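# Structure at a glance
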Amino acid sequence: MGKIFGVVLLAALSVADCWASDRPAGGRAGLGGDLAASQAHGPTSALLPLEQRWLQAIAPVLDFARATGFPLDIIVQPKALPGHTPLAVAFVDGRCKLVLSLRGNAVAQETLDAIPPDLLDAALELMAAHELGHCERYLAGEFAHPPAGFQATEPAAGVSAGPGPAVESRQASVWSQALRREEGYADLVGLAWSRHRHPQLYARLHAWLVSERSRDPVRGGSHDTQAWLRLARDGTVLADPSMFSNATRVWRLGLQTSD
Ligand SMILES: [Zn+2]
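Model, not experiment: these values are computed from the prediction. (Residues numbered from 1 in each chain as written. Predicted model: local features only at pLDDT ≥ 70, side-chain atom pairs only at ≥ 80, totals over all residues.)

## Focus: the overall build of the chain
In terms of helices and strands, the chain carries eight helices and six strands. Shown N-terminal to C-terminal, the secondary structure of the chain runs as helices and strands in the order β-β-α-β-α-β-β-β-α-α-α-α-α-α. Counting every position in the chain, which comprises 259 residues, the buried fraction comes to 37%. Taking contacts inside the chain between residues at least 6 apart in sequence as the whole, the part at least 24 apart equals 71%. (Helix = DSSP H or I, 4+ residues; strand = E, 2+ residues; numbered from the N terminus. Buried ≥ 20, exposed ≤ 12 C-beta atoms within 10 Å, placed from the backbone. Contact = placed C-beta atoms within 7 Å.)

See below:
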């Protein structure tokens, strides 16, 4: 555990982003306000073996984040949170919080069990690098904003009966579109990490991610990132050593066809 920095236990937390979930998780309000009200507590118990397993697997990403100066804290939720997204990121006061919700959460073990053993560590690294992609966008003040020079198309609002719901529907569509773009960027960062750290596993990791994202029940939902994954089938597009600029370049290509 010596390589893991800033493990903090919090009593309650709402998170702004999820690795793979359609559950509303804070939305726009979750980008700061909800979290700012969270109460921090001192360590209340030792980390469980499952928590240690996850932290051990993602340690290379955490080391990278520390070495490159990311203001990133690790939060291990001490309460049982069945059904929660095991790994998520939140943003609080200019810092990113990598949140692990593994305790009493069958999804955490199911996630491990569903990945081939020889792919497991690399897949968990990809997940953590994905969250680092969100963090990078947040720190740049660009989260939920398209890149400079990109002409965004307005998403179509759902059919509704009155002016009130119509406005809400359009706002929800705009937000969903912004989140889907962020997920696309973060997936590319995860894949860029994989390309550099596990090039021999890239094809399998890419296929695994495509499969995960295909489980999104709503086409156009926030985790429907296929437009970007298609562009990264050949990992050479992410071969440049600069992980984030790589992801940005491919991300912009995908923005043209994602909506
Ligand atoms: Zn994400």
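## Structural notes on unusual backbone geometry
Backbone geometry at D93 places phi at a positive 50°, although glycine is not the residue there. Within the secondary structure, D93 is located in the loop between strand 5 (87-92) and strand 6 (95-100). Owing to 9 C-beta atoms within 10 Å, D93 belongs among the exposed residues under this scheme. One non-glycine residue, A144, lies in positive phi territory at about 75°.

## Remarks on the nonpolar core
With 50 residues, the main nonpolar core has V61, L126, A128, L188, V189, A192 and A247 as its most contacted residues. The element contributing the most residues to this core is helix 4 (residues 120-139), with 10 residues. The residue makeup of this core includes at least three contributed by each of domain 1 (7-136) and domain 2 (161-255). Apart from residues lying up to four places away in sequence, L126 is in contact with G190, W193, S194, L205 and L209. (Core = buried A, V, L, I, M, F, W, Y, C linked by C-beta atoms within 7 Å. Domains from an automatic or database assignment.)

## Overview of the pairing of strand 5
Judged by how many residues are buried, strand 5 sits mostly within the fold: five of six residues are covered. Alignment of strand 5 against strand 6, held across six bridges, turns out to be antiparallel. For A88, the partnering residue across the bridge sits in strand 6 and is V99. With antiparallel pairing between neighbouring strands as the criterion, strand 5 and strand 6 make up a hairpin whose turn holds two residues, including D93 at a positive phi of roughly 50°. (Pairing = 2+ DSSP bridges.)

## Topic: the confidence of the model for the chain
On average, residues of the chain score 79 in pLDDT, and 75% of them are at 70 or above. Model confidence for the chain, summarised as mean pLDDT per element, is weakest for helix 1 (residues 33-36) at 29 and strongest for helix 4 at 96. Note on residues 1-8: pLDDT is under 50 here. Beyond four places in sequence and across chains, it has 18 contacts. In the model, residues 20-44 has pLDDT below 50 throughout and makes 50 contacts with residues more than four positions away in sequence or in other chains. (pLDDT = per-residue confidence, 0-100.)

## Considering the packing of helix 4 against helix 6 (residues 202-214)
At a minimum axis distance of 11 Å, the contact between helix 4 and helix 6 shows a crossing angle of 60°. Considered as vectors, helix 4 and helix 6 are oriented oblique to each other. Classified by chirality, the crossing of helix 6 by helix 4 is right-handed. The segment helix 4 lies against helix 6, with A122, A123 and L126 engaging L205, W208 and L209. Across the contact of helix 4 with helix 6, the residue classes break down as six nonpolar, no polar and no charged. (Axes fitted to C-alpha atoms, helices over the stretch in contact; angles between N-to-C directions. Parallel < 35°, antiparallel > 145°, perpendicular 65-115°, else oblique. Left-handed = near helix turned anticlockwise from the far one by under 90°. Nonpolar A, V, L, I, M, F, W, Y, C, P; charged D, E, K, R; others polar.)

## Section: the environment of A122
On the secondary structure map, A122 appears in helix 4. When the 21 C-beta atoms within 10 Å are taken as the criterion, A122 is described as buried. It is 9.3 Å that separates the C-alpha atoms of A122 and Y202, two residues lying 80 residues apart in sequence. Sequence-distant contacts of A122, that is, excluding residues within four places in its chain, are made with S194, H198, L201 and L205.

## Some points on the pairing of strand 6
Burial analysis of strand 6 places five of its six residues in the buried class, which makes it a mostly covered element. Of the strand pairs in this sheet, strand 4 (residues 72-76) and strand 6 are connected by five bridges, and their pairing is parallel. Bridging across to strand 6, I75 finds its partner in V99.

## Quick look at helix 6
Residue pairs spaced three or four apart in an α-helix point in one direction, given the helix's 3.6 residues per turn. Helix length check: helix 6 (13 residues) gives 18 Å between terminal C-alpha atoms against 18 Å at 1.5 Å per residue, within 8%. Residues Y202, L205, H206, L209 and E212 constitute the buried set of helix 6. Down the axis of helix 6, the sector holding all buried residues measures 120°, keeping them to one side. Among the exposed residues of helix 6, those oriented more than 90 degrees off its buried face are S211 and S214. (Expected span 1.5 Å × (residues − 1). Arc of directions from axis to C-beta.)

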